[in-house]
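# Per-entry structural report
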Amino acid sequence: MGGEGNVRQKGSVAVMMLNVKKMGRNAKLGLLVCLLGLIAAFAGNPYKGTRVTIDTAELAGIVQREVDHVNPVDLADWIVKGLTDYRLIDLRSEAEYDQYHIPSAENAPLATLPDYGLGHNEKIVLYSEGGIHSAQAWFLLKALGYKSVYMLRGGLDDWKDLVLFPALPQNATSEQLAAFAKMTEISKHFGGTPRSEATMKAGDTTMPLPKLQAPASPAAPQAAPKKKKEGC
Amino acid sequence: MVHEEAMEMSAPFFKFGMFGDSFSLLLAFLIGIGFGFALERAGFGSARKLMGQFYLTDLAVFKVMFTAIITAMLGVFYLGWIGFLDVSLVYLTPTYLLPQIIGGLILGIGFVIGGYCPGTACVAVSTARIDAISFLAGVIAGIFLFGEAFPLLEKFYNATPMGQVTLPGLLHVPYGLAVFVIVLIAVAGFAGATWVEKAMSGRKGA
């Protein structure tokens, strides 16, 4: 190594290095973490959650295969069975939500969705009035790295047509009759009104929406999931 | 729809769906074995060793815990900083201030009386220590009692909720600065603990 003159010239740095050599292992580790801490103090913020990465091919594939849809009838079935392994999100405004929403749905208007507190590994079912907003929200969540995001096919419109006010097609086959009988029960569970030819009139779209309290779901009290909104 | 130029966030692995529930349980099992092994090798399966902490003669537990905390803290900070870990997805236990203070006191009293904390009791059971087995039986009985009495305790259990809070968020200081200050506190605590151990064992000898 260099002579004594060198050490003197390098001054305090060399003295420090000399002291480090004399230090015990614990002291060295202590010095190391202090140094890492000091760098951390000036390194800036480690949160980078707003950046997104999109696998375009994967997304396009999902869209094309339509595996990201949930049929209203299936959703109705889940609710009747009391399944709780998914979260149903109503993307409409609070006023619309208060007027009517699918039982067990939580209200999270589109703009609030990224901060709503959904888990990345949770199964999420989105719905809006038609299909456009839920498709946009679906894309947003997918981009943010949420894995299992689904849309209610046809949105609330189809929910009304297929679940709340199911219609018996004219000249129905026996199969269709059986299916309609089943849907009648489900519809009544949700406080809906099944339509047969007798009640069906042209342009009959102003069926009364069920009152919110009406459907008694066997699932856990519906207030519970909504509470999460205030949590954090 | 462009690939982000920066490094792709990929951790926490579970939250990004790299594996499912069953594999995460397997991983937890393996990590648990490693954790238990390290605790046992550090001597934390012995109530005598653990009690040294309260007589100030052996502060190894304090030192190990503080070392673990700052190692993990620096790891999380730098992994987040280089973009490997999405810190916002790391699960934080929500804070319920009052119940957690009371719960901490009860746990501390149990630790002093029983000689173990729940984790070290499990470690000590693995070497068939009788005191640890009876301690763990007590823990299980306590969990059962708590579960049965939960309707009575529920209101207190959910009292003073603060959500998921962090020190930087609570004190409105930059994350890195909080890291630095905690490192300094830990290093000072480590040095202080060593000094206390020397002083106390010296008094014992005299």
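Quantities reported herein were computed from a predicted structural model and do not represent experimental measurements. (Residues numbered from 1 in each chain as written. Chains lettered and ligands numbered in written order. Predicted model: local features only at pLDDT ≥ 70, side-chain atom pairs only at ≥ 80, totals over all residues.)

## Brief notes about the overall build of chain B
Convention followed: Per the convention used, a helix needs a DSSP run of H or I reaching at least four residues, while a strand needs a run of E reaching at least two, with both numbered from the N terminus. Residues are defined as contacting one another if the C-beta atoms placed from their backbone atoms lie within 7 Å.
Along its length, chain B carries 8 helices and 2 strands. Pairs at least 24 apart in sequence give 66% of the contacts found in chain B among residues at least 6 apart.

## Some thoughts on the overall build of chain A
Quick note on the threshold: Buried residues are those with 20 or more other C-beta atoms within 10 Å of their own C-beta, exposed residues have 12 or fewer, and partly exposed residues lie in between; C-beta atoms are placed from the backbone.
Counting secondary structure elements, chain A contains 10 helices and 5 strands. Looking at chain A as a whole, 22% of its 232 residues qualify as buried. Within chain A, counting contacts between residues at least 6 apart in sequence, those at least 24 apart form 67% of the total.

## Remarks on the confidence of the model for chain B
Residue and element names in this part refer to chain B. What counts here: Per-residue confidence from the predictor is given as pLDDT, running between 0 and 100.
When the pLDDT values of chain B are averaged, the result is 87; 93% of them are 70 or greater. The element-level mean pLDDT for chain B is lowest in strand β2 (residues 161-163), coming to 84, with helix α6 (residues 130-157) highest at 94. Every residue in residues 1-7 is under pLDDT 50, and counting partners more than four places away or in other chains gives 11 contacts. For this predicted complex, the interface score ipTM comes out at 0.75, while the overall pTM is 0.57.

## Let's talk about the pairing of strand β2 (residues 86-90) of chain A
Residues and elements named next belong to chain A. Using the following cut-off: Pairing between strands is defined by DSSP: at least two bridges between them are needed.
Of all the 5 residues making up β2, 4 are buried; the element is thus mostly covered by neighbouring parts of the structure. Relative to strand β4 (residues 123-127), β2 runs parallel, the two being bridged by 5 bridges. Residue pairing across strands places Leu88 opposite Val125, the latter belonging to β4. Bridge analysis of β2 against strand β3 (residues 106-107) gives 2 bridges, and the strand direction is parallel.

## A few points about the packing of helix α1 (residues 21-41) of chain B against helix α5 (residues 118-125) of chain B
Residues and elements named next belong to chain B. Note the threshold: Here, axes are lines fitted to C-alpha atoms. For helices the fit covers the stretch in contact, and angles between N-to-C directions go from 0 to 180 degrees. Orientation categories follow fixed angle ranges, with anything under 35 degrees roughly parallel, anything over 145 roughly antiparallel, 65 to 115 roughly perpendicular, and all other angles oblique. Residue classes follow a fixed rule: Ala, Val, Leu, Ile, Met, Phe, Trp, Tyr, Cys and Pro count as nonpolar, while Asp, Glu, Lys and Arg count as charged, and any other residue, Gly among them, counts as polar.
Two elements in contact, α1 and α5, have axes separated by 10 Å at closest approach and are oriented at 80°. The orientation of α1 relative to α5 falls into the category roughly perpendicular. From α1, Gly36, Leu39 and Glu40 reach across to α5, where they touch Gly119, Thr120, Cys122 and Val123. The class makeup of the residues in the contact of α1 with α5 is 3 nonpolar, 3 polar and 1 charged.

## Quick word on the environment of Ala135(A)
Residue and element names in this part refer to chain A. Topologically, Ala135 is positioned in helix α7 (residues 132-143). Using a count of 16 C-beta atoms within 10 Å as the deciding quantity, one classes Ala135 as partly exposed. With 15 residues separating them along the chain, Ala135 and Tyr150 place their C-alpha atoms 9.0 Å apart.

## Details of the sheet that holds strand β5 (residues 148-152) of chain A
Picture the strands of a sheet paired through backbone hydrogen bonds; they go either parallel or antiparallel. Within the open sheet, the 5 strands sit side by side as β1-β5-β4-β2-β3 (chain A). Their pairing is parallel. The strands lining the two open edges of the sheet, one partner per strand, are β1 (69-70) and β3 of chain A.

## Remarks on the nonpolar core
Formally: Among buried residues, those of type Ala, Val, Leu, Ile, Met, Phe, Trp, Tyr and Cys that are joined through C-beta atoms within 7 Å form a set called a nonpolar core.
Counting 27 residues, the largest nonpolar core has Ile89(A), Val125(A), Leu126(A) and Tyr127(A) as its most contacted members. Those elements that place two or more of their residues in this core are α5 (72-81), β2, β4, α7, β5 and α8 (155-164) of chain A. Residue contributions to this core peak at 5 residues, all from α8(A). Sequence-distant contacts of Leu126(A), that is, excluding residues within four places in its chain, are made with Ile89(A), Leu91(A), Ser134(A), Ala137(A), Trp138(A), Val149(A), Tyr150(A), Met151(A) and Leu152(A). Counting 14 residues, the second largest nonpolar core, distinct from the first, contains Phe77(B), Val179(B), Val183(B) and Phe190(B).

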